[in-house]
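Listed here are the chains, written in short residue letters.
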Amino acid sequence: MATPVLRVRDLHVTYQSSLGAVPAVRGVDIEIARGETLGLAGESGCGKSTLAMALLRLVSPTTQITGSVLLAGKDTLTMKPGELRAVRWAQASIVFQGAQHVLNPVQRIGRQIDEATEAHGGARATGTAELLELVGLGVRRADDYPHELSGGQKQRALIAMALACDPLLIVADEPTTALDVMIQAQILQLLEEIKRERGLSMLFITHDLSVLSHTADRVAIMYAGRVIEVGAGKDLLRDSQHPYSKALAASFPIIGDPSSRRQPRGLAGDPPNPIDLPSGCPFHPRCAVAIDTCRSVDVKLRSVGGAINRQVACVHFGDA
Amino acid sequence: MSESTGTTFRAMTWARRRTALSRVWRELRHDRPGFIGLLLLSGFGLFALSAPLIADRSSLLVASGRNNPDLAAPSIKFLLGTDEIGRDVLAQLVWGSRVSLFIGLFATVVAVVIGSVVGLAAGYTKGKVSAVLLAIDDFFLVVPFLPLAIVLAVVLGRSPVTLSIVIGVTSWAGSARLIRAQVLTLSERAYVERARALGASSWHVIVRHVLPGVAPLIIANATLIVPSAILTESTLSFLGFGDRLSPSWGKLLEGAQSSGSITLNAWWYYLPPGLCIIGIVLAFTLLGRSLERIFDPRLRGR
Amino acid sequence: MSRRYLIKKVIGAFLTLSAVVVFNFFLFRIVDRDPLAKYRGRSKLTIEQRETMIRRMGLEGSKWDQFTVYIKSVLRLDFGRSFDSTQPVLGEITARLPATLFLVGVSTLLTICVGLYIGTKAGWRRGSRFDRTSTSATMVLYSTPEFFFGMLLLAFIAGRTGWFPTGGLRDVGADYGFVGNLIDRMHHLVLPTVTLTLGYLGSYALIMRTSMIETLGEDYLVTARAKGLRDSEVMSRHAVPNALLPSVSLIAISFGFVIGGAITTETVFSYPGLGLATANAISNNDLPMLQALFLLASAAVILFNFIADLVYGLLDPRVRRTE
């Protein structure tokens, strides 16, 4: 097998707060092959965005990152600042969530895209004008400021920006959150097309499992800073094993599967506080099928008999 | 409400205030700049209180310098030397601390009262009343405040009390603006809306629900008005307002300037009042900024 | 810039200026019932002279009559005669204006440049040694009355070293030729400029530092970093242009303080500009002078605020480009 585009091993991210150290990501292993899309899902606060930021070391300098992040075979966590800058955007870029202030309000859209290529020597296959056409914005938008674009347009501009340096990997961090359903579908389709045409790999982060059913080749579910289930996309969504994945899948109807609508929705309780995680399996206080062992034992991710490539971190599944 | 529930309610309120106060104290102790400000301030407070122990008030009189050498360097008898008519500089400095502090604090009271009333009213009312109040606020915010204070002082009079009022009248606009913004955010809070929905009068809502919410802000803001009021007072005194027989620190600097103490190298005359002004202004500013940080978590890390 | 924004700001400035003019009348003719009482030489006036003066000051008739006379004279820039010099106030002011304009202009420019630089650097590297040192220094600067600075400079630089003159606009009675005279004037300007600059550097630096710190948490800085920009580029292209916006308005408001600072600074250095004229007018109770100086100072601040609004409009596309 060829070197995966991204290979994350035992990643821990701990940031400092006034209340103490917050372990946001606690030992995550993921891999993304060339051309593959990995969907990463979980409730807000489960550490999925922190993980995304840690890949390119975009967390604050006081935050501690350990483990390894091999991007095209090189570990971003041990790179010197100059090397790291060269890798950022050129090998992996990020499609941020457009609803937030991720675009500089006082700089023109075109300028913000150009800036990315200039930072990497200026040479590239596609020009800014072409990129804007590609994402369906039109060249004229290059002279606009962010406040002159709608939410969907901003999201398109961000996609154009992410493509500016022809990266191997695109990290899409909640790219459709805060958009209405119609626009959401358009953006998803755009991402899918671009990915296919350019042979890109993608890490698609979302709290909304339903958007993954179309886009993700494989899906990883995160809870309290860990991946608790991983497997092939549609397979996992239809037939999740971990009680948390089940509950999460149940809260979003899968289009074309009427049975999913009849399942109980939502989850009792709140996600755990990362500073004060429950003992054993962090999910046990909210789990309907928890047994005594769950209070003391935190089961690692392990292969499950039957399903292909399925791994689950639950005492009820796999070899005890 | 029966009397006993009223009492427990009041007791609860007091208990809550006590915990809030102890929280502020705890955070202040760990905020180095704020704590330094507090210590400095206590030092100046003691200095002002000890005035009668250090020098008799009569040594401020012109006659008291008659038998002393003029502009004499510090000695055992005059720890900070004498001024151009032979009066003890230390005596003027220690009594002057009372004048400077009095004017600074009194002006702040005036500014805070006007600022709170205008701010609360502008935030709580709507339409024309609010627009007019805002226009007045804008006016006082834009008009250069020292020239304004000067013309007011020329017309209204030059006594310390008038000066305080003049300074207060020229310094409230910023706090009114701040308080209004805070009132606007508070009025959207559930408990205020609930009180209003239950039919509470505007006055009741303001006094019982809005005022307690803005009080911390007002306190922090007031702590920051004091230093600017003291600076303004010293500036006005330096320009000729104020009372030569009961001089503030600014007035002492004016005396030092006009008597030529600078060319005569009489540093004991101009350095102490100048350094005292820096010290007291610094103390209030450090404390005020620290209180702002404690009361408004958004400002953490400044 | 959108026309509506411009018109709104022009009207705003005009209204504030009118309010100042009305306030001036209110203060000097209504709060102060007998302005002439402040004229020191009044006891020596003959009855005719006294009446001439009352007529000249526009104190005849009803308050409404006085108001119309007052407005007309303000529009003609006729502020009467100085109690002190008995010369027309307008002439007294225009003669002193250039000196003050120069002092305030140079100092404001220096204060803005140096203050913004220090504030930017301190805010960007919050908690660094530069930040701690510069913030302590700016706090002390902020707490010092600028005239005390002036006195210290006089005592320890001009007095001890003799490198700089102790006051005035130029060496009285000397003629060094055109270039020489120019240098002489600059030489006299150094200490007052330093005084005024140091006096207000602190507040400008603190304003910019706060503004920078507020910008630090913005998402577009993460975007810029993710794009592979250098730290210095993230700061200069993304953080500074945004942090400048709130600073512009605050700096305009603090310009009023610089005007106040010019009054005391000129007094310390006997620099014969409008500030010294103000100090003299205070000690002579020279009401006509004070009125005009107050109007002029207010007009200057209103103008400066207006310019700041324009700059803001140019810096912020959200204001510039709205239909």
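Here, every reference points to the structure presented above.
The shown structure was predicted, so the numbers you read here are calculated from the model rather than taken from an experiment.

Participant: Can you help me understand the arrangement of the chains in this one?
Facilitator: For the 2 pairs of chains in contact, the maximum contact count is reached by chains B and C. One finds no contact between chain A and chain B; the C-alpha atoms of the two approach each other to within 10 Å at their closest.

Participant: Would you mind going over unusual backbone geometry with me for this structure?
Facilitator: Among all residues save glycine, negative phi is the norm, and among peptide bonds the norm is trans. All names here are of chain A. Even without a glycine there, the phi angle at Asp10 is positive, about 45°. In this structure, Asp10 sits in strand β1 (residues 6–17). Non-glycine residue Asp166 carries a positive phi angle of around 50°. Secondary-structure assignment places Asp166 in the loop between α5 (151–163) and β7 (169–173). On the basis of relative accessibility, which here comes to 35%, the residue Asp166 falls in the partly exposed class.

Participant: Is there a simple way to explain the interface of chain C and chain B in this structure?
Facilitator: Interfaces are often sized by the amount of accessible area the parts lose when they come together. Contact residues are listed per partner, giving 50 residues for chain C and 41 residues for chain B. Between chain C and chain B, a total of about 4,000 Å² is buried, with carbon and sulfur atoms accounting for 79% of that surface. For the chain C face of the interface with chain B, the top three residues by lost area are Phe148, Met151 and Ile282 of chain C, together amounting to 16%. On the surface where chain C and chain B come into contact, there are 0 salt bridges. Applying the counting criterion to the chain C and chain B interface returns 3 residue pairs in polar contact (both at pLDDT 80 or more). Secondary-structure elements contributing two or more residues to the side of chain C that touches chain B are α1 (3–31), α5 (129–143), α6 (146–161), α7 (177–216), α9 (231–268), α10 (274–283) and α11 (287–315) of chain C. A total of 9 residues in the side of chain C that touches chain B trace back to one element, the largest contributor, which is α9 of chain C.

Participant: What should I look at first to understand the packing of aromatic side chains in this one?
Facilitator: One pair of aromatic rings is described through two measures. These are the centre distance and the angle between the planes. Evaluation of the coordinates by the stated rule reveals 18 aromatic pairs over all chains. Note on Phe238 of chain B and Phe147 of chain C: the rings are 4.1 Å apart at their centroids and 15° apart in plane angle, and the pair reads as stacked. One end of the pair, Phe238 of chain B, is in helix α10 (residues 202–238); the other, Phe147 of chain C, is in helix α6, on a second chain. Of the two residues, Phe238 of chain B and Phe147 of chain C, neither departs from the other in class, the shared state being buried.

Participant: Is there a simple way to explain the environment of Leu217 of chain B in this structure?
Facilitator: Structurally, Leu217 of chain B can be placed in helix α10. Once residues lying within four places of it in the same chain are set aside, the contact partners of Leu217 of chain B are Leu178, Ile179 and Gln182 of chain B.

Participant: Teacher, can you tell me more about the layout of surface pockets here?
Facilitator: The method is simple in principle: a probe with the dimensions of a water molecule rolls over the atoms, and the space it marks as empty is what remains. Roughly 1,700 Å³ of internal volume is contained in the second largest pocket. Considering the residues around the second largest pocket, the lining is formed by 46 residues, among which Leu58, Val59, Ser60 and Pro61 of chain A together with Arg225 of chain C are closest to the centre. At the level of secondary structure, the elements contributing two or more residues to the lining of the second largest pocket comprise β1, β2 (20–32), α1 (48–55) and α2 (81–87) of chain A together with α7 and α8 (219–226) of chain C. Here the lining of the second largest pocket is built from residues that sort into 20 nonpolar, 12 polar and 14 charged.

Participant: Looking at this structure, how should I read the interface of chain C and chain A?
Facilitator: Between chain C and chain A, the contact holds 23 residues from the first and 28 residues from the second. Interface area lost by chain C to chain A is led by Ala226, Lys227 and Arg321 of chain C, which between them contribute 30%. Linking chain C to chain A there are 2 salt bridges. Seen at the junction of chain C and chain A, the total is 10 residue pairs in polar contact (both at pLDDT 80 or more). Listing elements by their share of the side of chain C that touches chain A, those giving two or more residues are α8, α9 and α12 (317–320) of chain C. In terms of residue count, the dominant contributor to the side of chain C that touches chain A is α8 of chain C (6 residues). The class makeup of the residues in the side of chain C that touches chain A is 8 nonpolar, 5 polar and 10 charged.

Participant: Could you clarify how one ought to interpret the pairing of strand β4 (residues 64–71) of chain A in this entry?
Facilitator: Sheet faces and side chains relate simply in a regular strand, where the side chains alternate between the two faces. All names here are of chain A. Sheet topology note: the β1/β4 ladder contains 7 bridges and is antiparallel. Bridging across to β4, Thr14 finds its partner in Gln64. Where β4 meets strand β5 (residues 74–75), 2 bridges bridge the pair, whose relative direction is antiparallel. Within β5, the position partnered with Leu71 by the bridge is Lys74. Linkage of β4 to β5, two consecutive antiparallel strands, is achieved through a turn of 2 residues, within which Ala72 is found at a positive phi near 50°.

Participant: I tried to follow the sheet that holds β1 of chain A on my own but got confused; where do I start?
Facilitator: Residue and element names in this part refer to chain A. What the 4 strands build is an open sheet, ordered β2-β1-β4-β5; its pairing is antiparallel. The open sheet has two free edges, formed respectively by β2 and β5, since each of these has just one partner strand. Bridge count for β1 against β2 is 10 bridges, and the pairing is antiparallel. Its bridge partner lying in β2, Val8 is registered against Ile30. The sheet contacts of α1 involve β1, β2 and β4, and relative to β1 the element is tilted by about 110°.

What counts and what doesn't
- Residues numbered from 1 in each chain as written.
- Chains lettered and ligands numbered in written order.
- Predicted model: local features only at pLDDT ≥ 70, side-chain atom pairs only at ≥ 80, totals over all residues.
- Heavy atoms only, no water.
- Contact = heavy atoms within 4.5 Å.
- Helix = DSSP H or I, 4+ residues; strand = E, 2+ residues; numbered from the N terminus.
- Buried < 20%, exposed > 50% of the residue type's maximum accessible area, 1.4 Å probe, protein only.
- Buried area = accessible area lost by both parts, 1.4 Å probe.
- Salt bridge = Lys/Arg side-chain N within 4 Å of Asp/Glu carboxyl O.
- Polar contact = N/O pair within 3.5 Å; in protein donor to acceptor, adjacent residues only side chain to side chain.
- Phe/Tyr/Trp six-rings, centres within 6.5 Å; stacked < 30°, edge-to-face > 60°.
- 1 Å grid on protein atoms, 1.4 Å probe; cavity = no way out; pocket = protein on both sides within 12 Å on 5 of 7 lines; lining within 4 Å.
- Points joined across faces, edges and corners; volume = space filled by probe spheres on them.
- Nonpolar A, V, L, I, M, F, W, Y, C, P; charged D, E, K, R; others polar.
- Pairing = 2+ DSSP bridges.
- Axes fitted to C-alpha atoms, helices over the stretch in contact; angles between N-to-C directions.

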